[in-house]
Amino acid sequence: MIVAGAAVQGTAHLARGQGCQDAFKAVEWDGTAVLAVADGAGGRERSALGAHLAVDAACRILAEDVPGEGDAPEVWTGWIAKAGARIIGDYRRAVGGVLSAVAEPSGPSGPSGPPEPVDAGALAATLAAAVVRPPWVAFLSVGDCFGTVLTRDPDGSGPGREERERCHLVLPPPAPGAPETVFLSSPGAALRLRSFVVWEPRLSGVVLATDGCAALTLDHPSVRELPPEAGPLPSERFFCGLAATLRANGGDATPLRALLSGPGAARTGDDLTVLCALTDGR
């Protein structure tokens, strides 16, 4: 399996002298990969730290007791839902520990007086994560990150037929006009958690991205002569082209970083993060 990712500081953040507030992390073992991307809330004081806490919690918890390839769908769906709730709880405990340490005043001989009020929203972040164990992929998300699945589909017929790679937006970003973005630190975040599983025997890859990548990686439905209500569509040029490049270079993320730094990416102004796992080396 090839795992590669990159995070690039957005042009608007660069202009304001603001660091990258995205984070990503991956864990891989024995043909299984856990992917996690997080987007720290813009303008929040410590959201970059919040994003790192989120991906750390996701990768740690999602690497535990992963169901097997032959397990039933209800085993997978129950496991990923419970894991999502655990991640939110773990993230909140970590945030509470960080903010308590920051807020606690110190005198010459150590801490003194009651701690000052702290706001968990200072570390607000969204999260998308995936566990890739072919033919299964288990997804979870809180907020506006999104995810795409790649498949190998037969193209043509007969013994010499070639296979074409296709991309499918299985975890879309919220639609325009949707309620305000929910963060891991938001009240009721556990109720807004999205979790589901995909069983796909033709699986060839999984890609997660933060919302700053939408303009670069998603097409308007009119590109394929579809009505607006069809919603955004994954760009085959981006996703399938990226997969082909990474397979050819053995997973070197340099071309991905160049894509996220190019003119097309500058339109958003936001940080851009992409993380992928390719399940075959063709």
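Preceding this paragraph is the structure being described.
Residues numbered from 1 in each chain as written. Predicted model: local features only at pLDDT ≥ 70, side-chain atom pairs only at ≥ 80, totals over all residues. Heavy atoms only, no water.

Caption draft 1: Quick look at the packing of helix α5 (residues 236-249) against helix α6 (residues 254-261). The contact between α5 and α6 brings their axes to 9 Å, and the two run at 150°. Taken together, α5 and α6 sit at an angle that is classed as roughly antiparallel. Contacts between α5 and α6 involve Phe238, Leu242, Thr245 and Asn249 from the first element and Pro255, Leu256 and Leu259 from the second. When its residues are assigned to classes, the contact of α5 with α6 shows 5 nonpolar, 2 polar and no charged. (Axes fitted to C-alpha atoms, helices over the stretch in contact; angles between N-to-C directions. Helix = DSSP H or I, 4+ residues; strand = E, 2+ residues; numbered from the N terminus. Parallel < 35°, antiparallel > 145°, perpendicular 65-115°, else oblique. Contact = heavy atoms within 4.5 Å. Nonpolar A, V, L, I, M, F, W, Y, C, P; charged D, E, K, R; others polar.)

Caption draft 2: A look at unusual backbone geometry. Here proline 134 and proline 135 are connected by a cis peptide whose omega angle stands at 10°. Residues other than glycine seldom take positive phi values, yet aspartate 30 does so here, at roughly 45°. By secondary structure assignment, the location of aspartate 30 is in the loop between β2 (22-29) and β3 (32-40). According to the relative accessible area criterion, aspartate 30 is exposed, its value standing at 76%. In this model, aspartate 65 sits at a positive phi of 55°, which is unusual for a non-glycine residue. Exposure remark for aspartate 65: the relative accessible area of 69% places this residue in the exposed category. (Buried < 20%, exposed > 50% of the residue type's maximum accessible area, 1.4 Å probe, protein only.)

Caption draft 3: Structural context of the pairing of strand β7 (residues 136-142). Counted residue by residue, β7 has 7 buried out of 7 residues, so it is predominantly covered. The side-chain alternation of β7 yields two buried faces, one formed by Trp136, Ala138, Leu140 and Val142 and the other by Val137, Phe139 and Ser141. Here strand β6 (residues 125-133) pairs with β7 via 7 bridges, running antiparallel. For valine 132, the partnering residue across the bridge sits in β7 and is valine 137. With antiparallel pairing between neighbouring strands as the criterion, β6 and β7 make up a hairpin whose turn holds 2 residues. Note: β7 against strand β10 (residues 194-199), 6 bridges, orientation antiparallel. Bridge pairing in β10 links phenylalanine 139 to phenylalanine 196. (Pairing = 2+ DSSP bridges.)

Caption draft 4: Structural context of the sheet that holds β7. With respect to topology, 5 strands assemble into an open sheet ordered β2-β3-β6-β7-β10, the strand pairing being antiparallel. Each having just a single partner strand, β2 and β10 make up the two edges of the open sheet. Strand after strand, the sheet turns through a mean of 10° between neighbouring axes, direction not considered. This element, helix α2 (residues 47-62), spans β2, β3, β6 and β7 of the sheet and lies at about 160° to β3.

Caption draft 5: Molecular detail of α5. With 14 residues, α5 extends 19 Å from end C-alpha to end C-alpha; this agrees with the ideal 20 Å at 1.5 Å per step. Taken together, the buried positions of α5 are Phe238, Phe239, Cys240, Leu242, Ala243, Leu246 and Arg247. Immediately beyond the C-terminal end of α5, within one or two residues, lies glycine 250, with a positive phi of roughly 75°. (Expected span 1.5 Å × (residues − 1).)

Caption draft 6: Broad picture of the pattern of salt bridges. Across all of its chains, the model carries 8 salt bridges by this definition. The partner of arginine 202 in a salt bridge is aspartate 153, and the shortest N-O contact between them spans 3.3 Å. Separated by 49 residues along the polypeptide, arginine 202 in the loop between β10 and β11 (203-209) and aspartate 153 in strand β8 (residues 146-155) bring together distant segments of the chain. Relative accessible area serves as the criterion here: at 41%, arginine 202 is assigned to the partly exposed category. Assessed through its relative accessible area of 10%, aspartate 153 is described here as buried. For the salt bridge of arginine 164 with glutamate 236, the shortest nitrogen-to-oxygen distance reads 2.9 Å. Of this pair, arginine 164 sits in strand β9 (residues 162-171) while glutamate 236 sits in helix α5, and the two are 72 residues apart along the sequence. (Salt bridge = Lys/Arg side-chain N within 4 Å of Asp/Glu carboxyl O.)

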